[in-house]
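Letter by letter, the chains look like this.
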Amino acid sequence: MRASVYVHFPWCLAKCPYCDFVSYAEERDNIDHAGYADAVLAELAARAALFEDREIASVFFGGGTPSLWEPRELGRVLAGIRATARTAADVEVTVECNPTSLDRDRAQALVDVGVGRVSIGTQSLRTDQLTYLGRLHDPAGARRAIEGALACVPRVSTDLIFGLPDQSPEDARDQAAALADLGLAHLSCYQLTIEPGTRFGELAKRGRLPLADDGAVAESFLAIDEALGARGLTHYEISNYARPGEEARHNLGYWRGEEYVGLGCAAYGYSRGARYRNPILPQKYVQGAAAATEESREPLAPLALLRERIMLGLRLATGFDLDDAGRDLGIAPWTGERTKTAAQLEARGRLVREGGRLRIPPGAWLFTDDTAARLF
Ligand code: SF4
């Protein structure tokens, strides 16, 4: 069976005001690079049984900012994973990077330890927008990081955030086009969302955060789709575009409901019918790593898993096969209610049903969450 590995690195140079990932602001020199790698390797050893009968198709170092991690230490963890698990011959190894911790030398150092793909957090090519987002880099720094990576890393992706206050659809479109024109074969374009518990969330609660107009956000989504489509990048998932064959295999695994072993502080894992989460505080994680101490563990009932498959599968342009999902989970998916709802959604142009396969037609992607929820 196919599975993947996710490794969380929980530190960043600063905390962005919109970010609700577990990440702690820290100077690079204050991080115990080797100690954290030792802890992840100890957890890996404790979780070795999860790798039995599994082939690892992808390894993803996320965060936080894993490009801050000494490449030698990140490489030690990667080597440990390769020694513990059966990895596919073409295993995809991705590292999330920020422009402030990625240049040509660092990109090469990552390649030297076995990394084949980087995903760079550009977010915007405009100084005023980067300032609003609390980012530490400027547009020139983002371009330098991308060009440095393109010079030596086989596969390079970058992230763009749209839906910023006062942003026109033309501005969103032009930035996406400019990034594609740098030669990137993969782009992730995320709508800015205001999450509770973040600095933006607090400001919004008090009515002190300027927000984008919903109509302009929807138009930006469509304008980006058009610009990237014209450049040969397929809109294969709501937020992701790729040239054929350049899709993020790791994320495809999530969207298809495949297992992933999570390692590191605050990492989630989903394996053998249960979801677990590791301790959220780095010190607590490091202390308990050798025993794979968990913050929480939740067995997942087939119906909960089916709902996840619906929610995630509908994000893909190709959709997913509800019959296959039901067979996999040992559950009859076509209840009378769901059949009726699917027919209604189809009649409204929100859903396409071909046998057991369900997908959202491109014109209805803006309603995906609502469509998925109706099918629960
Ligand atoms: S760099 Fe990324 S992970 Fe770190 S705080 Fe900013 S958005 Fe969050």
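Bear in mind the structure is a predicted one, so any value in this text is a computation, not a measurement.

(A) Up close: the overall build of the chain. In terms of regular secondary structure, the chain is built from 14 helices and 17 strands. A globule of 376 residues ought to have a C-alpha radius of gyration of about 21 Å, and the chain, at 21 Å, matches this closely. Projected onto the principal axes, the alpha-carbon positions of the chain cover approximately 60 × 50 × 45 Å. The buried share of the chain, reckoned over its 376 residues, is 54%. Sequence separation of 24 or more characterises 70% of the internal contacts of the chain that already satisfy a separation of 6 or more.

(B) Region of the structure containing the layout of surface pockets. Considering only enclosed or pocket space, the second largest pocket measures out at about 480 Å³ in volume. Along the walls of the second largest pocket sit 23 residues, with Arg-256, Gly-257, Glu-258, Arg-309 and Asp-328 positioned nearest its centre. Only α11 (302–313), β15 (320–321) and α12 (322–329) provide two or more residues apiece to the lining of the second largest pocket. Here the element with the most residues in the lining of the second largest pocket is α12; it accounts for four residues. Classifying every residue of the lining of the second largest pocket by side-chain character gives eight nonpolar, four polar and 11 charged. Each of domain 1 (2–255) and domain 2 (302–374) accounts for three or more of the residues forming the lining of the second largest pocket.

(C) Representation of the side chain of Arg-277. Here Arg-277 shows up in strand β13 (residues 274–277). It turns out Arg-277 is buried and unbridged, and the closest side chain with the opposite charge, Glu-295, is 7.2 Å from it. In terms of polar contacts, Arg-277 uses its side chain to reach the backbone carbonyl oxygen of Ala-266, at 3.1 Å.

(D) How the structure looks around the sheet that holds strand β16 (residues 352–354). Pairing is antiparallel in the open sheet, where three strands are placed in the order β15-β17-β16. A strand with exactly one partner marks an edge of an open sheet, and here the two such strands are β15 and β16. Strand direction decides the pairing type here: β16 and strand β17 (residues 357–359), joined by three bridges, are antiparallel. Its bridge partner lying in β17, Val-352 is registered against Arg-359.

(E) Representation of the nonpolar core within the structure. Formed by 85 residues in total, the largest nonpolar core has its most connected members in Phe-61 and Trp-69. A total of five residues in this core trace back to one element, the largest contributor, which is helix α1 (residues 33–46). Formed jointly, this core draws a minimum of three residues from each of two domains, domain 1 (2–255) and domain 2 (302–374). The next biggest cluster of nonpolar side chains, apart from the first, holds 10 residues, and it includes Tyr-18, Leu-192, Phe-200 and Leu-209.

(F) Summary view of the domain arrangement of the chain. Each domain of the chain was delimited in the assignment, giving domain 1 (2–255) and domain 2 (302–374). Distance from the C-alpha centre of domain 1 to the C-alpha centre of domain 2: 28 Å. With 10 residues of domain 1 at the interface, the matching set in domain 2 holds eight residues. Summed over both partners, the interface of domain 1 with domain 2 comes to about 910 Å²; 70% of that surface belongs to carbon and sulfur atoms. Joining domain 1 to domain 2, the criterion identifies one salt bridge. Note that Arg-315 is salt-bridged to Glu-237, the shortest N-O span being 2.5 Å. Taken together, the connections running from domain 1 to domain 2 amount to four residue pairs in polar contact (both at pLDDT 80 or more). Looking at the side of domain 1 that touches domain 2, the elements with two or more residues in it are α8 (214–230), β9 (234–237) and α9 (249–255).

About the cut-offs
Residues numbered from 1 in each chain as written. Predicted model: local features only at pLDDT ≥ 70, side-chain atom pairs only at ≥ 80, totals over all residues. Heavy atoms only, no water. Helix = DSSP H or I, 4+ residues; strand = E, 2+ residues; numbered from the N terminus. Rg over C-alpha atoms; globule rule 2.2 N^0.38 Å. Buried < 20%, exposed > 50% of the residue type's maximum accessible area, 1.4 Å probe, protein only. Contact = heavy atoms within 4.5 Å. 1 Å grid on protein atoms, 1.4 Å probe; cavity = no way out; pocket = protein on both sides within 12 Å on 5 of 7 lines; lining within 4 Å. Points joined across faces, edges and corners; volume = space filled by probe spheres on them. Nonpolar A, V, L, I, M, F, W, Y, C, P; charged D, E, K, R; others polar. Domains from an automatic or database assignment. Lys, Arg positive; Asp, Glu negative; His and termini not counted. Salt bridge = Lys/Arg side-chain N within 4 Å of Asp/Glu carboxyl O. Polar contact = N/O pair within 3.5 Å; in protein donor to acceptor, adjacent residues only side chain to side chain. Pairing = 2+ DSSP bridges. Core = buried A, V, L, I, M, F, W, Y, C linked by side-chain atoms within 4.5 Å. Buried area = accessible area lost by both parts, 1.4 Å probe.

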